[in-house]
Amino acid sequence: MYCLMISSAYYVLINLSIQIGNIDYENFFGYLFSLTVYGLVNIFLMYVFFAFLSKQDLLSALYSMFSEGIFSEALISYSVTLLLSFVLGLMIRDDLFFGLFIFTILVMCLSFVFKKFLYLYQEMANQANKDYLTGLYNHGYFKDYLKELFRETKKTGGQFSIAFLDLDDFKKYNDYHGHVQGDRLLKFVGEFLRNETKDLGYIVARYGGEEFAIALPRITKHEAAAFMDQLRKKLNDTLFDGVDRLPYRCISFSCGVAEYESDMYEESELLHKADQALYYSKAQGKNNVQLYDAKRISRDALKFKEDLDAIEEQLKLLLYKDVYTYRHSKRVFKYAMEFSDRLTLTEEEKRTLVLGALVHDIGKIEVSRDIINKTSKLDPDEWEIMKKHVIWGKEIVLSDGRFEEVIPLVELHHERYDGRGYPYGLKGEEIPKLARILCIIDSFDAMTTDRPYQRTKTFSEAIVELRRCSGTQFDPQYVEPFIQMIEEYYPEKVGNENETVSP
């Protein structure tokens, strides 16, 4: 920086035809202009340095220099430097070597002062923009960054997405292990997110409490959702002390993803949509990633009325015994809602399919936890007990008395189209239509349900399996329509599985 500053001052003097090496008071304004250029070049170089340091565009960095008083402080500092330059010039004229010695000492002192100044600025910027616990950016910085990203994208075009994620059951973890250990978990997750995104140009922030936010420039919501799902699965498989006491027995998060749209007026609309998607994700049983979809979310909200609330209360019993069956039931319910809209069903049939999907595995409440959570193959006796869950489920629904219409779905969703299912070995159209439909939905989700430390089928692999079993396990008239629905509603799952998302 000093080489550039001195060179610029030198060439100003040369171009003004001022003799180098002598001080002539008649050239006072020439000297003043030369040293002013010297100072301005230094301020400009500092400005460029701050721009790269803060990873802002040049206009934003310039605004920051003015708004934070950096420019005015630098101007005052160099005004003093200019006055000292004249004094040093006189000293050099009267005593060359002593003057040069004093000048060298002064330059070294100024270099040291400005180095400290730069460090202090960086430390203050970090304190203002970083979260003290995790070291990630904080809520305020993320909103400012998003506002700037939104403005630039609206002006120049392009795309970007944001993701909100919330650690599942963090309060329970705090209650079990205390706030100190809870803070360690937050720091661990923060470091995990930083390491996984640092080479991709994504901005990660602790948005509040156990909630984190990620800005993903230049990618679509489908790419963002695929990336976040990869993170979720990797975090599920990452060991951390004490998480075995949580419902999923691993670190998990719920995540909502939303994408910038050209007709959005301001960034708050995008934040609201990502927040809604996060809420929807938690409503689906947690530990999943959901895209914002106004039609799907609003439809889901309309369906959650009194009947669903009543069944939900029963289903919550599963949450404390087998969180995976609980989540499975929530997903099957969601697929049934989406698929029912594409089928030629009456409103009553749609209602029955949706309610039956939500409660179809309620009988597993009566199955031993050891059998439900067993990771190896069940032995014959255990399998016979497991198969009884459809009978026990029927008895539970009958005892309530309000939802008798869903009993065929609860009791018969494991019957096969070829007659090799259970509990009665019914075949073809002997099986009620809605039970045949539910069999497809239930099997698809069972194939694609992921558990920590275990590999499951991808959506594409599950689709292949559905087609392979069409006409044997599944009613062929519903297999292709269901596959078409999955490919249309979940293209990111079908088309982008196992792909690495790059910025």
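So, how was this worked out
- Residues numbered from 1 in each chain as written.
- Predicted model: local features only at pLDDT ≥ 70, side-chain atom pairs only at ≥ 80, totals over all residues.
- Heavy atoms only, no water.
- Helix = DSSP H or I, 4+ residues; strand = E, 2+ residues; numbered from the N terminus.
- Contact = heavy atoms within 4.5 Å.
- Areas by Shrake-Rupley, 256 points an atom, 1.4 Å probe, with all protein chains shown as cover.
- pLDDT = per-residue confidence, 0-100.
- Buried < 20%, exposed > 50% of the residue type's maximum accessible area, 1.4 Å probe, protein only.
- Polar contact = N/O pair within 3.5 Å; in protein donor to acceptor, adjacent residues only side chain to side chain.
- Pairing = 2+ DSSP bridges.
- Axes fitted to C-alpha atoms, helices over the stretch in contact; angles between N-to-C directions.
- Parallel < 35°, antiparallel > 145°, perpendicular 65-115°, else oblique.
- Left-handed = near helix turned anticlockwise from the far one by under 90°.
- Nonpolar A, V, L, I, M, F, W, Y, C, P; charged D, E, K, R; others polar.
- Disulfide = S-S within 2.5 Å.
- Core = buried A, V, L, I, M, F, W, Y, C linked by side-chain atoms within 4.5 Å.
- Phe/Tyr/Trp six-rings, centres within 6.5 Å; stacked < 30°, edge-to-face > 60°.
- Lys NZ or Arg CZ within 6 Å of the ring centre and 35° of its normal.

Help me get a handle on the overall build of the chain, residues and values and all.
What the chain contains, in helices and strands, is 22 helices and five strands. Pairs at least 24 apart in sequence give 68% of the contacts found in the chain among residues at least 6 apart. Summed over all atoms, the accessible surface of the chain reaches about 25700 Å², with 57% contributed by carbon and sulfur.

Any details on the confidence of the model for the chain? Residues and values, ideally.
Mean pLDDT over the chain: 84, with 85% of residues reaching 70 or higher. Here residues 301-305 is a poorly scored stretch, pLDDT under 50, and it has six contacts once near neighbours within four places are set aside; other chains count. Ignoring residues within four places in sequence, the model shows residues 497-503, a span with pLDDT below 50, making 19 contacts including any to other chains.

Residue-level account of the environment of I441, with values.
Its location among the elements puts I441 in helix 19 (residues 433-448). In this structure I441 comes out as buried when scored by relative accessible area, which is 0%. Sequence separation of I441 and V332 is 109 residues, and the distance between their C-alpha atoms is 6.2 Å. Sequence-distant contacts of I441, that is, excluding residues within four places in its chain, are made with V332, Y335, A336, F339 and F482.

Hey, could you go over the side chain of R436 for me, with residue numbers and the actual values?
Among the structural elements, R436 can be located in helix 19. According to the relative accessible area criterion, R436 is buried, its value standing at 9%. Polar contacts involving the side chain of R436 include one to the side chain of D475, which spans 2.6 Å. Beyond its immediate sequence surroundings of up to four residues, R436 is in contact with Y417, G428, E429, I431, D475, Q477 and Y478.

An account of the sheet that holds strand 3 (residues 211-217) is needed here, citing residue identities and associated values.
Read from one edge to the other, the open sheet built from five strands follows the order 2-3-1-4-5, with strand pairing classed as mixed. Edge positions in the open sheet fall to strand 2 (203-208) and strand 5 (289-291), since each of these has one partner strand only. This sheet shows a mean twist of 20° between the axes of neighbouring strands, independent of strand direction. When strand 4 (residues 253-259) meets strand 5, the two strands line up parallel, connected through three bridges. When the sheet's bridge partners are listed, G256 is paired in strand 5 with Q290.

So, the packing of helix 8 (residues 179-197) against helix 9 (residues 221-236): which residues are in play, and what are the values?
Following both chains from N to C, one finds helix 8 and helix 9 inclined at 135°, their axes separated by 12 Å at the closest point. By the angle between their axes, helix 8 is oblique relative to helix 9. For the pair helix 8 and helix 9, the sense of crossing is right-handed. Facing helix 8, whose interface residues are F192, L193, E196 and T197, helix 9 presents F227, L231, K234 and L235. Residue composition of the contact of helix 8 with helix 9, by class: five nonpolar, one polar and two charged.

Talk me through the state of the cysteines; I want residue IDs and the actual numbers.
For the structure on display, the rule yields zero disulfides. C439 carries a free sulfur, and the closest cysteine sulfur to it, the one in C469, is 9.7 Å from it. Classification of C439 as buried rests on a relative accessible area of 5%.

Let's hear about the nonpolar core: which residues, and what values?
Residues L193, I214 and M228 are the most contacted members of the largest nonpolar core, which totals 34 residues. Of all elements in the fold, only strand 1 (160-167), helix 7 (170-177), helix 8, strand 3, helix 9, strand 4 and strand 5 reach the threshold of two or more residues within this core. In terms of residue count, helix 9 provides more of this core than any other element does, six residues in total. The next biggest cluster of nonpolar side chains, apart from the first, holds 31 residues, and it includes L343, A357, Y478 and M485.

Describe unusual backbone geometry, naming the residues involved and giving the relevant values.
At the junction of Y422 and P423, the peptide bond is cis and its omega measures out at 15° in the coordinates. Position of P423 relative to the elements: it lies in the loop between helix 18 (407-412) and helix 19. A positive phi is found at R249, a non-glycine position, where the angle reads about 60°. Mapped onto the elements of the fold, R249 is located in the loop between helix 9 and strand 4.

For the side chain of N138, give the residues involved together with the corresponding values.
Mapped onto the fold, N138 is located in the loop between helix 5 (96-129) and helix 6 (139-156). A distance of 2.9 Å separates a polar atom in the side chain of N138 from the backbone nitrogen of Y141. Not counting the four nearest positions on each side in its chain, N138 is found in contact with A128, N129, K130, D131, A205 and R206.

Pulling in residues and values, what's your account of the environment of R331?
Checked against the element boundaries, R331 lands in helix 13 (residues 323-340). Residue R331 is classed as buried on the basis of its relative accessible area of 13%. The contact partners of R331, leaving out residues within four places of it in the chain, are D445 and T449. A polar atom in the side chain of R331 sits 2.7 Å from the side chain of T449.

I'd like to hear about the packing of aromatic side chains, residue by residue, with values.
This structure, assessed with the given rule, holds 19 aromatic pairs. Ring geometry for Y141 and Y145: centres 6.4 Å apart, planes at 15°, overall stacked. Of this pair, Y141 and Y145 both sit in helix 6, four residues apart, which is roughly one turn of that helix. For Y141, a relative accessible area of 17% puts it in the buried group. Judged by its relative accessible area of 21%, Y145 falls in the partly exposed class. Aromatic pair W383 and Y422: ring centres 5.9 Å apart, planes at 85°, arrangement edge-to-face. With W383 in helix 16 (residues 380-387) and Y422 in the loop between helix 18 and helix 19, this pair connects stretches of sequence that are 39 residues apart. Here the aromatic cluster, defined as three or more aromatic residues joined through ring pairs, consists of Y335, F339, F444, F459, F482 and Y490. Over the ring of Y489 we find R342; its NZ or CZ atom is 5.7 Å from the centre of that ring. In this structure, K387 packs its charged tip against the face of Y422, placed 5.6 Å from the ring centre.

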